[in-house]
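Letter by letter, the chains look like this.
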Amino acid sequence: MKRFLPMVGIIILSLLCGCGNTDENYSEKELFAMDTYMKLTVYGDNSEAALDLASEKISELEKLFSITIDSSDISRINCSGGGSAEVDNQTSELISRSKQFSERTYGAVDITVYPLVREWGFTTGKYSVLGPEKINGLLKFTGWESISVSGNTVTVPEGFELELGAAAKGYAGEKAADILRDMGISSAILSLGGNIQAVGEKPDGSPWRVAVTNPLSPSEIICTVSVRDKAVVTSGNYQRFFIGEDGRKYCHIIDPKTGFPVDNGLASVTVIGDSGTDCDLLSTALFVMGEDEAVRFIKENSDFDMILITEDGRVVITENIFSDTVFSDIELKNKAEVIK
Ligand code: ADP
Ligand code: MG
């Protein structure tokens, strides 16, 4: 069984956004946090100090949210044995926001699916195709409605475990961007794995151009979107997956209703919006929902844009961003299905 973690998206982003600029007045930092490579590029006079604060924020959040650090808020909740845990404001905020999106998406994104994520092997690397009995046993310990947040006190039933993988990078990008703006930065691009957070615009006044990986050929990009002050977040089945002994592909996003890795004909969903946290939660949720439900959701929530790519190579894109999106292949643009 294989595990794939290509760096392609990040490299492409570096080529598009980071390198090759002629502006000397910038600071850049690469770090490994939240189980992914991150690259932060900040422009302007105050860029070095602002960059330090932003990267400290990401490290601080990792210490709160990590499932592998015993002292993290999430580990303490998971070890509470049905009791309560006192957590940092930021942890309770993110858990509450995750719950709101669970409700809005009818449970498609659910931070209690962790027992399933682990048993399928996605956190340990010991992959195994689970049978129905095992899955049903684990599903009893899931369900976002059972998480209670009261101020800074979080309570989950015994046997439940939380994991913020679907939201943590988006939240970290959002908070880092807030710090940069507070420091007077009007131009920065933050790449946190598949999550891109743009602050302001490029130093030359043009919009940031963010590459979307072709999920069917992850060494290539399928298109670039133009954004100012937005998050661009992708969930897909092409980065973290394994091939089972049955020859089937199992990806790291679990359908909370069935307990199975999502297999609904989607290859990736990219969500563009103002909040990194919302986009991260939503990209996971829309990927779980599948094409029809995702399109319906996005029509009803016009504050988000979406690029959905199916396993058979179709591209479905919201009208709002269509004209400014540059496709790698003109044929693709001609064939793209535009959501009105
Ligand atoms: P990535 O981590 O690649 O950016 P996502 O934001 O879509 O991708 O989050 C997927 C991660 O979230 C998984 O690796 C897993 O830890 C967790 N997860 C999987 N399925 C769900 C789900 N339905 N709801 C919430 N979290 C999930
Ligand atoms: Mg997500």
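Residues numbered from 1 in each chain as written. Chains lettered and ligands numbered in written order. Predicted model: local features only at pLDDT ≥ 70, side-chain atom pairs only at ≥ 80, totals over all residues. Heavy atoms only, no water.

A.B. asks: What should I look at first to understand the overall build of the protein in this one?
C.D. replies: For the protein, the count of helices and strands is 11 helices and 17 strands. Across its three principal directions, the C-alpha atoms of the protein cover 55 × 45 × 40 Å. Burial status across the protein gives 55% buried among its 340 residues. Partitioning the contacts of the protein with sequence separation of at least 6, the portion at a separation of at least 24 is 60%. (Helix = DSSP H or I, 4+ residues; strand = E, 2+ residues; numbered from the N terminus. Buried < 20%, exposed > 50% of the residue type's maximum accessible area, 1.4 Å probe, protein only. Contact = heavy atoms within 4.5 Å.)

A.B. asks: Mind showing me how you'd approach the sheet that holds strand 16 (residues 326-327) here?
C.D. replies: Neighbouring strands of a sheet are bound in pairs by backbone hydrogen bonds; such pairs are parallel or else antiparallel. Read across the sheet, three strands follow the order 8-9-16 without closing on themselves; strand pairing throughout is antiparallel. Unpaired on one side and paired on the other, strand 8 (208-213) and strand 16 mark the two borders of the sheet. Here two bridges tie strand 9 (residues 221-227) to strand 16, and the two strands are oriented antiparallel to one another. Across the sheet, the residue bridging to Thr 224 is Val 326, located in strand 16. (Pairing = 2+ DSSP bridges.)

A.B. asks: Mind showing me how you'd approach the coordination of the magnesium ion (ligand 2) here?
C.D. replies: Think of it this way: four donors in a tetrahedron around the metal ideally sit 109.5 degrees apart, and six in an octahedron ideally sit 90 or 180 degrees apart. Coordination of the magnesium ion (ligand 2) by the protein is provided by Ala 166 (O), Asp 280 (O), Asp 280 (OD) and Thr 284 (OG1), with metal-donor distances spanning 2.1 to 2.5 Å. Read in sequence order, the donor residues coordinating the magnesium ion (ligand 2) give the pattern A-x113-D-x3-T. You can see Asp 280 and its partner Thr 284 sitting in helix 8 (residues 276-289), four residues apart, about one turn around the helix. Neither residue differs from the other here; Asp 280 and Thr 284 are each classed as buried. (Donors = N, O, S within 2.8 Å, 3.2 Å for Na, K, Ca; no water.)

A.B. asks: Where do I start with the site of ligand 1 in this structure?
C.D. replies: Around ligand 1 there are 17 residues in total, and Glu 163, Lys 169, Ser 235, Ile 254 and Thr 284 lie nearest to it. One of the backbone nitrogen or oxygen atoms of Gly 165 is found 3.5 Å away from an oxygen atom of ligand 1. Between an oxygen atom of ligand 1 and a side-chain N or O atom of Asp 280, the distance comes to 2.9 Å. For ligand 1, the protein covers 94% of the area, taking 560 Å² as the surface of the free molecule. It is helix 8 that provides the largest number of residues to the shell around ligand 1, a total of three residues. Of the residues in the shell around ligand 1, the class split is nine nonpolar, four polar and four charged. (Near = heavy atom within 4 Å. Polar contact = N/O pair within 3.5 Å; in protein donor to acceptor, adjacent residues only side chain to side chain. Areas by Shrake-Rupley, 256 points an atom, 1.4 Å probe, with all protein chains shown as cover. Nonpolar A, V, L, I, M, F, W, Y, C, P; charged D, E, K, R; others polar.)

A.B. asks: Any chance you could explain the pattern of salt bridges here in plain terms?
C.D. replies: Between side chains of opposite charge, a pair can form as their charged atoms come close. Counted according to the given criterion, the structure contains 19 salt bridges. For the salt bridge of Arg 97 with Glu 174, the shortest nitrogen-to-oxygen distance reads 3.2 Å. Placement of Arg 97 in helix 4 (residues 89-104) and of Glu 174 in helix 7 (residues 168-182) is noted, with a sequence separation of 77 residues between them. Of the two residues examined, Arg 97 and Glu 174, each falls in the buried class. Residue Asp 278 pairs with Arg 97 through a salt bridge whose shortest N-O separation is 3.2 Å. (Salt bridge = Lys/Arg side-chain N within 4 Å of Asp/Glu carboxyl O.)

A.B. asks: It is not clear to me how the sheet that holds strand 1 (residues 26-33) should be interpreted in this structure. Could you clarify?
C.D. replies: As summarised here, the arrangement of the nine strands in space is 1-2-6-7-10-13-14-15-17, forming an open sheet in which the pairing is mixed. Each edge of the open sheet is held by one strand with a lone partner, namely strand 1 and strand 17 (337-339). Neighbouring strand axes in the sheet, compared pairwise and without regard to direction, differ in orientation by 10° on average. Pairing of strand 14 (residues 305-310) with strand 15 (residues 315-318), which is carried by three bridges, proceeds in the antiparallel orientation. In the strand pairing of strand 15, Ile 309 is matched with Val 315. (Axes fitted to C-alpha atoms, helices over the stretch in contact; angles between N-to-C directions.)

A.B. asks: What am I meant to see in the packing of aromatic side chains here?
C.D. replies: Scanning the entire structure with this criterion turns up 11 aromatic pairs. Between the aromatic rings of Tyr 127 and Phe 242, the centroid separation amounts to 4.6 Å while the plane-to-plane angle is 20°, which identifies the pairing as stacked. In this pair, Tyr 127 sits in the loop between helix 5 (114-120) and helix 6 (132-139) while Phe 242 sits in strand 11 (residues 241-243), placing the two residues 115 residues apart along the sequence. The burial state of Tyr 127 is the same as that of Phe 242; both residues are buried. Note that Lys 249 overlies the ring of Phe 241, its terminal NZ or CZ placed 4.6 Å from the centroid. (Phe/Tyr/Trp six-rings, centres within 6.5 Å; stacked < 30°, edge-to-face > 60°. Lys NZ or Arg CZ within 6 Å of the ring centre and 35° of its normal.)

A.B. asks: I'm lost on the confidence of the model for the protein in this one. Help?
C.D. replies: Low-confidence regions, as indicated by low pLDDT, have predicted coordinates that should not be scrutinised in detail. Within the protein, residue pLDDT values average 93, and 93% of them lie at 70 or more. Low pLDDT, under 50, characterises residues 1-15; the predicted model gives this stretch 38 contacts beyond four residues in sequence or across chains. (pLDDT = per-residue confidence, 0-100.)

A.B. asks: For this particular structure, what's the right way to read the state of the cysteines?
C.D. replies: The term disulfide refers to a covalent linkage connecting the sulfur atoms of a pair of cysteines. The tally for this structure, following the rule as stated, stands at zero disulfides. Left without a disulfide partner, Cys 279 is nearest to the cysteine sulfur of Cys 223, which lies 15 Å away. (Disulfide = S-S within 2.5 Å.)

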